[in-house]
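# Reading the structure
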Amino acid sequence: MADETAETAKGTAGFLLEMGMLKRAKRSGWWIAGVKDPETIAEHSFRVGLIASVLAMMEGADPAKAALLGLWHDTQETRVSDIPHIGRRYLEAASNEKVTADQVSAAHPAVKAGAQRIVEEYEHGDSLEVICAHDADKLECLVQAVEYREQGVANVQNWIDSSLAKLKTASAQALADAALNMTSIEWQKTYLP
């Protein structure tokens, strides 16, 4: 039993170390737009989790569950990277469920089952929390595009348009509209004279 516990602890710790790669891996689609130093996958996923929880609050869903789904949505990119949409035309990547199963294959049984359940739900679920998590992914991309546009990157309109077109909840659409009509530092006006 102790050997089994040590092995699953090692497998689980290995998964956590692997997730650290997301802090270093850049979101490569932004290079196409001309962003020289784009955000990392972890930076994107952090804000997706926050946005998912906010959308869930606004929509009357479970914010913790929506945040969890958003936090896990890109964990597979340690193995298959962040393939830009144009690149997906030429590749047949493994499903996110298959990648996750491999990532947690040596982890603690509860971690293995939980991770697979979360990713399966994100990929195939239809609950309001799943919809909020998917909207959060698109809304985060839109907000990031607005920030890059402010920094002088001119080629981000396609990211804005495609993100807007995929938003499903009224809350996400309202937040997108607000983000498109303000600056990224406008929030300070609420707190600073």
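Every chain begins its residue count from 1, and numbering advances along the sequence as written. Local features in this predicted model are restricted to residues whose pLDDT is 70 or higher, and side-chain atom pairs enter the listing and the counts only when it is 80 or higher, whereas totals over whole chains, interfaces and linings include all residues. Side-chain numbers come from the whole structure's heavy atoms, not from hydrogens or water.

### Comments concerning the nonpolar core
Among the buried residues, those of types Ala, Val, Leu, Ile, Met, Phe, Trp, Tyr and Cys that are joined through side-chain atoms within 4.5 Å form a nonpolar core. With a 1.4 Å probe rolled over the protein chains alone, any residue whose accessible area is under 20% of its type maximum counts as buried; one over 50% counts as exposed, and the rest are partly exposed. In terms of nonpolar packing, the biggest core is built from 27 residues, with Trp 30, Leu 55, Leu 139, Leu 142 and Val 156 touching the most fellow members. For the purposes of this entry, the term helix denotes a DSSP run of H or I that reaches at least four residues, the term strand denotes a run of E that reaches at least two, and both are numbered from the N terminus. No other element matches helix H8 (residues 128-150), which puts nine residues into this core. Ranked by size, the runner-up nonpolar core spans 14 residues in total, among them Ile 118, Val 119, Val 130 and Ala 133.

### Comments concerning the packing of helix H4 (residues 63-72) against H8
With axes taken as lines fitted to C-alpha atoms, and helix axes fitted only over the stretch in contact, angles between N-to-C directions fall between 0 and 180 degrees. At a minimum axis separation of 8 Å, H4 and H8 run at an interaxial angle of 45°. The angle between the axes of H4 and H8 places the two elements in the oblique class. H4 and H8 meet at a crossing whose hand is right-handed. On H8, the residues that touch Lys 65, Ala 66, Leu 69 and Gly 70 of H4 are Glu 129, Val 130, Cys 132 and Ala 133. Each angle is binned into one of four classes, with values under 35 degrees roughly parallel, values over 145 roughly antiparallel, values of 65 to 115 roughly perpendicular, and all other values oblique. What makes a crossing left-handed is the near helix being turned counterclockwise from the far one by less than a right angle; a clockwise turn instead makes it right-handed. Residue contacts are counted whenever heavy atoms from the two residues lie within 4.5 Å of one another.

### A look at the side chain of Thr 8
Among the structural elements, Thr 8 can be located in helix H1 (residues 2-19). We define a polar contact as two N or O atoms separated by no more than 3.5 Å, with the added condition that, inside protein, one atom must be a possible hydrogen donor and the other a possible acceptor, whereas residues neighbouring each other in sequence contribute only through side-chain atom pairs. Among the polar contacts listed, one links the side chain of Thr 8 to the backbone oxygen of Thr 5, at a separation of 3.2 Å.

### Here we look at H1
In a helix, the anticipated span is given by 1.5 Å times the number of residues less one. Under the 1.5 Å per step criterion, the end-to-end length of H1 is 26 Å for 18 residues, consistent within 8% with the ideal 26 Å. Those residues of H1 hidden inside the fold are in contact with H4, helix H5 (77-80), helix H6 (96-103) and helix H7 (109-124).

### Regarding a nonpolar patch on the surface
Taken together, the side chains of Ile 32, Ile 86, Tyr 90 and Leu 91 make up a nonpolar region of the molecular surface, amounting to roughly 460 Å² of accessible area. Here Leu 91 shows up in the loop between H5 and H6. The exposure class of Leu 91 is partly exposed, given its relative accessible area of 47%. Candidate patch residues must exceed 30% relative accessible area and have no salt bridge, after which like charges are joined if within 9 Å and Val, Leu, Ile, Met, Phe, Trp or Tyr side chains if within 5 Å. Here the accessible surface of atoms and residues is derived via Shrake-Rupley with a 1.4 Å probe, and residues count as covered only by protein chains that are part of the display. Each salt bridge in this description consists of a side-chain nitrogen of Lys or Arg and a carboxyl oxygen of Asp or Glu lying within 4 Å of one another.

### What to know about the pattern of salt bridges
In this structure the tally under the stated criterion is eight salt bridges. Arg 47 serves as the salt-bridge partner of Glu 147, at 3.0 Å between the closest nitrogen and oxygen. Placement of Glu 147 in helix H8 and of Arg 47 in helix H3 (residues 41-59) is noted, with a sequence separation of 100 residues between them. Salt bridges here are not isolated pairs; linked through shared partners, they connect Arg 27, Glu 39 and Asp 74.

### Thoughts on the packing of H4 against H7
Put simply, H4 and H7 touch, their axes get as near as 9 Å, and they point 95° apart. Here H7 runs roughly perpendicular to H4, going by the angle between their axes. Counting all contacts with H4, which are made through Lys 65, Leu 68, Leu 69 and Trp 72, the residues of H7 involved are Ala 115, Ile 118, Val 119, Glu 121 and Tyr 122.

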